[in-house]
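Residue strings, one per chain:
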Amino acid sequence: MSADNIRAGYNFAYLDEQTKRMIRRALLKAVAIPGYQVPFGGREMPMPYGWGTGGMQVTAAIIGADDCLKVIDQGADDTTNAVSIRAFFRDLTGVATTERTEEASLIQTRHRIPEKALKEDQILVYQVPIPEPLRFIEPSEVETRKMHELEDYGVMHIKLYEDIAQFGHIATSYAYPVRVNGRYVMDPSPIPKFDNPKMHQSPALQLFGAGREKRIYAIPPYTDVRSLDFEDHPFEVQRWEASCAICGSRDSFLDEVIMDDKGGHEFICSDTDYCRTRMAEQGEIA
Amino acid sequence: MTAKPLLQVRDVTKLYAAGKGCANVSFDLYPGEVLGIVGESGSGKSTLLSCLSARLAPDQGSIHYVNAEGEQLDLYGLSESRQRLLQRTEWGIVHQHARDGLRMGVSGGANIGERLMATGERHYGDLRATAERWMADVELDIDRIDDKPTTYSGGMQQRLQIARNLVTHPRLVFMDEPAGGLDVSVQARLLDLLRRLVTELGLAVVIVTHDLAVARLLAQRLIVMRRGQVVETGLTDQVLDDPQHAYTQLLVSSVLTP
Amino acid sequence: MQTMIEVQGLTKVFTLHNQGGIQLPVFSGIDFSARQHECTVLFGESGSGKSTLLRSLYANYLPTSGTIRVRHRGEMVNLTGAPSQTLLEIRRETIGYVSQFLRVIPRVSTLDVVSQPLLERGVEQAEAYRRAGELLNRLHIPERLWSLAPGTFSGGEQQRVNIARGFIVDYPVLLLDEPTASLDQRNAATVVELIRQARDRGTAIVGIFHDAEVRDAVADQVFKIKPEQAVEVEREAS
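Predicted, not measured: the structure shown is a model, and the values here were computed from it.

**Student:** Quick question: what am I supposed to make of the sheet that holds strand β6 (residues 91-94) of chain B here?
**Tutor:** Within a beta sheet, neighbouring strands are joined by backbone hydrogen bonds and run either parallel or antiparallel to one another. Taken in spatial order, the 6 strands make up an open sheet running β6-β7-β8-β3-β9-β10 (chain B), and their pairing is mixed. Of all the strands in the sheet, just β6 and β10 (229-235) of chain B have a single pairing partner and so form its edges. Ignoring strand direction, the axes of neighbouring strands in this sheet form an average angle of 15°. Sheet analysis places β6(B) next to strand β7 (residues 172-176) of chain B, joined by 4 bridges and oriented parallel. Considered in β7(B), the bridge of B:Gly92 is made with B:Val173. Contacting β3 (34-38), β6, β7, β8 (204-209) and β9 (221-226) of chain B, helix α1 (residues 45-52) of chain B crosses the sheet at an angle of about 155° to β8(B). On the sheet, helix α2 (residues 84-93) of chain C packs against β9 and β10 of chain B and is oriented at approximately 20° with respect to β10(B).

Right, here's the structure in full:
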């Protein structure tokens, strides 16, 4: 750990070592019990709740001097939140940063999983606003913990039932609940359900941090992650008629972009690195 | 006697203070039998019902239940998860206030389907069909299936609660003043519905009520409670027509008959 | 002829706890029995306790002392002290009771009211309805009323529904509390016929009949009750 290139007066990665050890213990427990929400003594971070304080504490607890960090927000490396968090860790750790998914050893994300398949030596850290998947139907924390304990998960399907009754199909498209390792029902944070299949049997370690609610949970590599569904309404991911206006991709998650005041719009890849990489490849071919 | 008792209650005691709660209650409940527990407010009826339905551990005494497989289970020797499993499969619990027994934030159909989903039903079409059948069975308009119970009248909420409980074909249903707080005409309809379902489905029922007319209509047998103690038991018509205990006589003579 | 009911030393005293514990003795030390193929008429002046005795035989009233034994499933069972389950079983299988008034349940059709005892014994609904219909016809309840709840019927019609309900099952013992009280002659005659037929099938009948004509027509033995004491039994040829 070289102290030369970090901002003076701060510990490496902002948090003190005691706090990091406490968070690492919570992380170990979370990895040992996939999908189980482990309470931890969340600290104040120099930014408001809702901006990723949970993910940042997890990142701060595990980042090392030779890590290469990537930060994305809604798939993009260049949005304010992503740029700020990346700058924060560069200032306070001096680690290398990247926008390229395959170069990163540690990726902190808000609301997306990169399109490029992750590898065994990568860790994905999610920022989580509401960790409790049962919260929508059960306001009591005591009761939801009991429900997890007893695998009392019938209510989870109520939400999906209500979707079908109301819209004719399962309309839930973000934060789509999953069952991890055949045991705990888990909220995958507000990623689009398009990304849900990427969690299943992923070679990478996936860690989730909720700052306001002070919970940590995890999916170890190669773990079963199943999206809840009905036999006659199986889980499906979003599909688009359009392709990316920049790279022409038909397989990635697309954002709709308004182009002018006349209702003109285009679809482009939400994962900026994926889109750029495809363009570069096409350039080489051309 | 051919059948074995479904529920064996022995010396069940749960006291919050002297005379508050229930003390030394014993009885057997047989399959298909409707047992009424009567007494005025504060007599310990509801405390007893909570003990019987594995929601409140008694201080003393035992409660044994014979499940569908014929195993005799010590209720409070069971893990909490097995207690809950019983509560949502072989048992039903109908609360006095529908909002204690319903999920007010989700539709009527989802309320009926919840127990089925909790026990592994994963076919939307089947859930829907079952919910519609039960709506009809409890005389609810099927067009209201996707409406939330908050938009239902009190009587409709209570009927929804009953459907939600009966959907798993329970063998034993606990009811706490199921018709309390409803208008008289609505009450009559509900009671008639309960009477019909109890007969058709061969349910065993423990029903707590302070209303002797309700007890007479639904229960074959009565337990009269006062200040936590059982003061009289017997066939419903015998207890009401020829009450022996001073308190029962007072209860019976206090009823206004139009 | 087998004895179906055996009453020994039956005493009934009502204690009114809320009125200073007043004791109201009704009768004491009653001994009597009822046999198969016989109609026993309980006789006595108003207030002598005929209804109280009849209700005691149905376990509706609890005797103060004495025993009531009933032949149930081939054995004499003591009603006093029998568990509720046994009493309910006896009511389902052995003893039928026609009260003076029909206890009307809102929204339950006449056909269902009458066929219920059969349904409780596991008879198919179609067969139960057929037999209920037969009885209702004999008692002159027009078919257009069968699907209605008897709550709105006249007193006489309600009583006939009540009688049909009591006679639909061939109970080994049948208790009748003034079954003809509010009936016209034509229907009273039907009831007499039903009673005789039941008796000929072997039913032991115990009844209270206000109407002397009906009483004379059905009585095989008359049991006279005087308040607070039992008196002699007269036998009559019928």
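**Student:** Explanation requested: the interface of chain C and chain B in the structure shown.
**Tutor:** Accessible area lost upon the coming together of the parts serves often as the stated size of an interface. If you look at the interface, chain C gives 24 residues, while chain B gives 23 residues. Buried surface at the junction of chain C and chain B, summed over both partners, amounts to about 2100 Å²; 50% is from carbon and sulfur atoms. Of all residues in chain C, C:Asn18, C:Gln85 and C:Arg107 bury the most surface against chain B, accounting for 27% of the area lost on that side. For the interface between chain C and chain B, the tally reads 3 salt bridges.

**Student:** Is there a simple way to explain the pattern of salt bridges in this structure?
**Tutor:** In a structure, side chains of opposite charge can pair up when their charged atoms sit close to one another. All chains considered together, the criterion is met by 45 salt bridges over all chains. With a shortest N-O distance of 2.7 Å, A:Arg7 and A:Asp91 are connected by a salt bridge. Separated by 84 residues along the polypeptide, A:Arg7 in the segment before α1 (17-32) and A:Asp91 in helix α3 (residues 80-93) bring together distant segments of the chain. Judged by its relative accessible area of 48%, A:Arg7 falls in the partly exposed class. The residue C:Arg199 makes a salt bridge to C:Asp200 at a minimum N-O spacing of 3.7 Å. On the accessibility criterion, C:Asp200 (53% relative accessible area) is exposed.

**Student:** For this particular structure, what's the right way to read unusual backbone geometry?
**Tutor:** Trans peptide bonds make up the majority, and among non-glycine residues the majority have a negative phi. Residues and elements named next belong to chain A. The backbone phi angle of Gln 74 is positive, close to 55°, even though this residue is not glycine. Here Gln 74 lies in the loop between β2 (68-73) and α3. Looking at Gln 74, the relative accessible area reads 37%, which means it is partly exposed. Here Ala 175, not a glycine, exhibits a phi torsion of approximately 50°, which is positive. Within the secondary structure, Ala 175 is located in the loop between α5 (154-167) and β6 (178-180). Owing to a relative accessible area of 22%, Ala 175 belongs among the partly exposed residues under this scheme.

What counts and how
- Residues numbered from 1 in each chain as written.
- Chains lettered and ligands numbered in written order.
- Predicted model: local features only at pLDDT ≥ 70, side-chain atom pairs only at ≥ 80, totals over all residues.
- Heavy atoms only, no water.
- Pairing = 2+ DSSP bridges.
- Helix = DSSP H or I, 4+ residues; strand = E, 2+ residues; numbered from the N terminus.
- Axes fitted to C-alpha atoms, helices over the stretch in contact; angles between N-to-C directions.
- Contact = heavy atoms within 4.5 Å.
- Buried area = accessible area lost by both parts, 1.4 Å probe.
- Salt bridge = Lys/Arg side-chain N within 4 Å of Asp/Glu carboxyl O.
- Buried < 20%, exposed > 50% of the residue type's maximum accessible area, 1.4 Å probe, protein only.

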